[in-house]
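Remarks on the overall topology
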Amino acid sequence: MLNLAVYEKGIRIKKILRESFRPQKVRLIGFDVGSELFKHLDRHLMDLVFICGKGDFDKEIQLVEKLKKDANLSLVPLVLYHPHPDKKTVIKGLGRGADEFLFGEWQKDLFPAKLKMIVRRSRRDLGVNPTTRLPGTSIIENEVNQRIQRSEEFALCYADLDD
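Throughout what follows, the structure given in this document is the object of discussion.

Reading the values: the criteria
Residues numbered from 1 in each chain as written. Predicted model: local features only at pLDDT ≥ 70, side-chain atom pairs only at ≥ 80, totals over all residues. Heavy atoms only, no water. Helix = DSSP H or I, 4+ residues; strand = E, 2+ residues; numbered from the N terminus. Buried < 20%, exposed > 50% of the residue type's maximum accessible area, 1.4 Å probe, protein only. Contact = heavy atoms within 4.5 Å. Areas by Shrake-Rupley, 256 points an atom, 1.4 Å probe, with all protein chains shown as cover. Lys, Arg positive; Asp, Glu negative; His and termini not counted. Charge placed at Lys NZ, Arg CZ, Asp CG, Glu CD. 1 Å grid on protein atoms, 1.4 Å probe; cavity = no way out; pocket = protein on both sides within 12 Å on 5 of 7 lines; lining within 4 Å. Points joined across faces, edges and corners; volume = space filled by probe spheres on them. Nonpolar A, V, L, I, M, F, W, Y, C, P; charged D, E, K, R; others polar. Axes fitted to C-alpha atoms, helices over the stretch in contact; angles between N-to-C directions. Parallel < 35°, antiparallel > 145°, perpendicular 65-115°, else oblique. Left-handed = near helix turned anticlockwise from the far one by under 90°. Pairing = 2+ DSSP bridges. Salt bridge = Lys/Arg side-chain N within 4 Å of Asp/Glu carboxyl O.

Side note on the overall build of the chain
For the chain, the helix and strand inventory stands at six helices and five strands. In sequence order, the chain lays out its α and β elements as β-α-β-α-β-α-β-α-β-α-α. In terms of overall dimensions, the chain has C-alpha extents of about 55 × 35 × 30 Å along its principal axes. Among the 163 residues that make up the chain, the fraction classed as buried is 39%. A separation of at least 24 residues holds for 58% of the contacts in the chain among residues at least 6 apart in sequence. Carbon together with sulfur atoms contributes 50% to the accessible area of the chain, which is approximately 10700 Å² in total. Where the 29 positive side-chain charges of the chain centre and where its 24 negative ones centre are 6 Å apart.

Here we look at the layout of surface pockets
For the largest pocket, the calculated volume is near 600 Å³. When contributions to the lining of the largest pocket are tallied by element, the ones reaching two or more residues are helix 5 (110-126) and helix 6 (137-149). Among the residues making up the lining of the largest pocket, the classes are represented as six nonpolar, six polar and seven charged.

A closer look at the packing of helix 3 (residues 58-69) against helix 4 (residues 87-95)
Taken N-terminus to C-terminus, the directions of helix 3 and helix 4 make an angle of 15 degrees; their axes are 9 Å apart at the nearest point. It follows that helix 3 is roughly parallel to helix 4 by the angle criterion. Pair helix 3 / helix 4 crosses with left-handed handedness. Within the contact between the two elements, helix 3 uses Asp 58, Ile 61 and Val 64 and helix 4 uses Thr 89, Lys 92 and Gly 93. Among the residues making up the contact of helix 3 with helix 4, the classes are represented as two nonpolar, two polar and two charged.

Concerning the sheet that holds strand 3 (residues 48-53)
Strand order across the open sheet formed by five strands is 2-1-3-4-5, with parallel pairing between neighbours. Among the strands making up the open sheet, the edge pair consists of strand 2 (26-30) and strand 5 (100-103). Ignoring which end each strand starts from, the neighbouring axes of this sheet average 25 degrees apart. Where strand 4 (residues 78-82) meets strand 5, four bridges bridge the pair, whose relative direction is parallel. What sits directly across from Leu 80, in strand 5, is Phe 101. Strand contacts of helix 3: strand 1 (2-9), strand 3 and strand 4, with the helix running at about 165 degrees to strand 3, the strand carrying the most contacts. The strands touched by helix 4 within the sheet are strand 4 and strand 5, with strand 5 carrying the most contacts at an inclination of about 155 degrees.

Observations concerning the pattern of salt bridges
According to the stated counting rule, one finds five salt bridges in the structure shown. When the shortest N-O distance is used, the salt bridge between Lys 9 and Glu 60 registers 3.1 Å. On the criterion of sequence distance, the pair formed by Lys 9 in strand 1 and Glu 60 in helix 3 is long-range, its members being 51 residues apart. What makes Lys 9 partly exposed here is its relative accessible area of 29%. Across the pair Arg 96 and Glu 65 runs a salt bridge whose closest N-O atoms are separated by 3.5 Å. Linking Arg 96 in the loop between helix 4 and strand 5 with Glu 65 in helix 3, this pair joins segments that are 31 residues apart in sequence. Look at Glu 65 and you get partly exposed, because its relative accessible area is 29%.

Limitation: the analysis is restricted to geometry and does not speak to function.
Dropping the structure here:
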């Protein structure tokens, strides 16, 4: 199950996000200010933070900066969406820490593909040992599960050696 934190101002995006990740199950956790999101972190690990709005976007960009300063949320991908931002707003959002800025009319094929790629890349990057750059436990577990689902024959030897 994916855990998505969602901030929406003037745009109803939750249903669109749920449909974007089908057939995967999604838990959407709405929040209005960063402090609400911090409370949810005690119970759920976030896979993605999605902030959308229209009109003036300054409050949303300030929220990006606040969330990216938090140690727990700094590694969670954060995506902004605005249907009609000006170029300065996009540059400002990305400069303050957003991992992606989607804009324009919602593109039913492209935007879900980008969101899935962002989550997949984040999981991959967090699953790699930073010292050796070898796959970590989560990557190995995902690979084994995929091979089991495909009914492939395979052999596995896994040793987790500490110093």
